[in-house]
Amino acid sequence: MTEGTALGLHYSYELLDTDLLPEGAQALPRLLAEAQRSGYAGLNITYPCKQAVIPLLDTLSPEADALQSVNTVVFAGTQRIGYNTDCWGFAENLRRGLADAIRQRVVLVGAGGAGSAVGYAVLQWGARTLQIHDLDPQRALALAARLSTQFPNCGVTATGDLESALAHADGLIHASPMGMAKLPGLPVPAQFLRPPLWVADVVYVPLVTQLLAQARAAGCRTLDGGGMAVFQAAKAFELFTGIKPDAERMLTGFNARMRLNNPAAVPPP
Ligand code: NAD
């Protein structure tokens, strides 16, 4: 909204919360049809509708197809096109925040929706091996199998042994909900965090999670989840409007809002 106004656009961004509707997520076909009929440029889609929306679309972008997960729908005439900008948002965050980091061997914790998107992004970014850990080993195995098919030249495996995986890793990406304000805690024992390991978190409320605070205290380079949240929104904005927004301005505004909410959890500009 703020970026649309800054660019002089008549931009309206409304919340459609399926939790507030009697039919819940079953309302998705109706909401899509109504939004398209009312002239909306598209919709952002979030939990729990990222897979359920797919049969309602005409085309998927290569990333959305590979991940079987859609977070942005664009209406193009009568057509509905599905995209996954989480993947792009995380990749952009990596390119900006850890451009020169060694990324041969990466460990991913969390094999759900966010884990799939960031796993795909880090393999596109050049990781040669990816070891995936999840509290539910079946989810780690399933994601490793899928990514192995999509990146046959990379070594993608599931692991239950975080200690030895991290002992040889260049980077750790955290993509489970652990560390969110409502789910505090460390997804990885603090003693496994040591330089030159870099640590990227996708959790962004708070921006400085316990994991990032511990990693910084140990001397590791870190990347918070705010960039991913902002850059996926910037890409969706571009898809809706055809105009490239000022992603830096969006990030500055986002960090300012986060600082207002919790001054201790955001590093000063
Ligand atoms: P999800 O429910 O689809 O998947 C979470 C996965 O983490 C599950 O497979 C679960 O078994 C696993 N898990 C839970 N606790 C764990 C632990 N302690 N150790 C290892 N694995 C564990 O959820 P999701 O949609 O993937 O979201 C995960 C997090 O990513 C949430 O905090 C969400 O807010 C965040 N997220 C951030 C962005 C962003 O733009 N920064 C985008 C999407 C999601």
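Here is what the cut-offs are and how they apply
Residues numbered from 1 in each chain as written. Predicted model: local features only at pLDDT ≥ 70, side-chain atom pairs only at ≥ 80, totals over all residues. Heavy atoms only, no water. Near = heavy atom within 4 Å. Polar contact = N/O pair within 3.5 Å; in protein donor to acceptor, adjacent residues only side chain to side chain. Areas by Shrake-Rupley, 256 points an atom, 1.4 Å probe, with all protein chains shown as cover. Domains from an automatic or database assignment. Contact = heavy atoms within 4.5 Å. Buried area = accessible area lost by both parts, 1.4 Å probe. Salt bridge = Lys/Arg side-chain N within 4 Å of Asp/Glu carboxyl O. Pairing = 2+ DSSP bridges. Helix = DSSP H or I, 4+ residues; strand = E, 2+ residues; numbered from the N terminus. Axes fitted to C-alpha atoms, helices over the stretch in contact; angles between N-to-C directions. Buried < 20%, exposed > 50% of the residue type's maximum accessible area, 1.4 Å probe, protein only.

A look at the site of the ligand
Next, step 1: Lining the immediate environment of the ligand, one finds 20 residues, of which G113, A114, D134, M180 and V202 sit closest.
Next, step 2: With respect to the ligand, the backbone of A114 contributes an N or O atom lying 2.7 Å from an oxygen atom.
Next, step 3: A distance of 3.3 Å separates an oxygen atom of the ligand from a polar side-chain atom of R139.
Next, step 4: Relative to its unbound accessible area of 860 Å², the ligand is 79% covered by the protein chains.

Focus: the domain arrangement of the chain
Quoted interface sizes are often the accessible area lost when the parts come together.
Next, step 1: Looking at the chain, the domain boundaries give domain 1 (2-85 + 228-261) and domain 2 (87-226).
Next, step 2: The centre of domain 1, based on its C-alpha atoms, is set 25 Å off from the matching centre of domain 2.
Next, step 3: Tallying the contact residues gives 17 residues for domain 1 and 20 residues for domain 2.
Next, step 4: Taking both partners together, domain 1 and domain 2 bury about 1,600 Å²; carbon and sulfur atoms supply 65% of that area.
Next, step 5: Taken as a group, L67, M228 and F231 account for 43% of the area that domain 1 buries against domain 2, more than any other trio of residues on that side.
Next, step 6: The interface formed by domain 1 and domain 2 holds 1 salt bridge in total.
Next, step 7: Salt-bridge contacts for E248 lead to R96; the nearest nitrogen and oxygen are separated by 2.2 Å.

As for the sheet that holds strand β10 (residues 221-223)
For sheets, the rule is that strands pair by backbone hydrogen bonds, running either parallel or antiparallel.
Next, step 1: Sheet architecture is open: 6 strands sit in the order β7-β6-β5-β8-β9-β10, paired in parallel fashion. Two strands lie at the open edges of the sheet, namely β7 (155-158) and β10, each paired on one side alone. On average, each strand axis in the sheet is inclined to that of its neighbour by 15°, with strand direction left out of account.
Next, step 2: Note: strand β8 (residues 171-174) against strand β9 (residues 198-201), 4 bridges, orientation parallel. By the bridge assignment, I173 is partnered in β9 with A200.
Next, step 3: Here helix α5 (residues 113-124) sits on the sheet in contact with β5 (105-109), β6 (129-133), β7 and β8, set at roughly 175° to β5.
Next, step 4: Where helix α6 (residues 137-150) meets the sheet, its contacts fall on β5, β6 and β7, and the angle it forms with β7 comes to roughly 165°.

A word on the pattern of salt bridges
Should their charged atoms come close, side chains of opposite charge can pair.
Next, step 1: A complete count under the given rule lists 11 salt bridges for this structure.
Next, step 2: Where E34 meets R30, a salt bridge forms, and the shortest distance between an N and an O atom there is 3.3 Å. One end of the pair is E34 and the other is R30, both in helix α2 (residues 28-37) and 4 residues apart, which spans about a single turn.
Next, step 3: A relative accessible area of 35% places R30 in the partly exposed class.
Next, step 4: Residue R221 is joined to D100 by a salt bridge in which the shortest nitrogen-to-oxygen separation is 3.0 Å.

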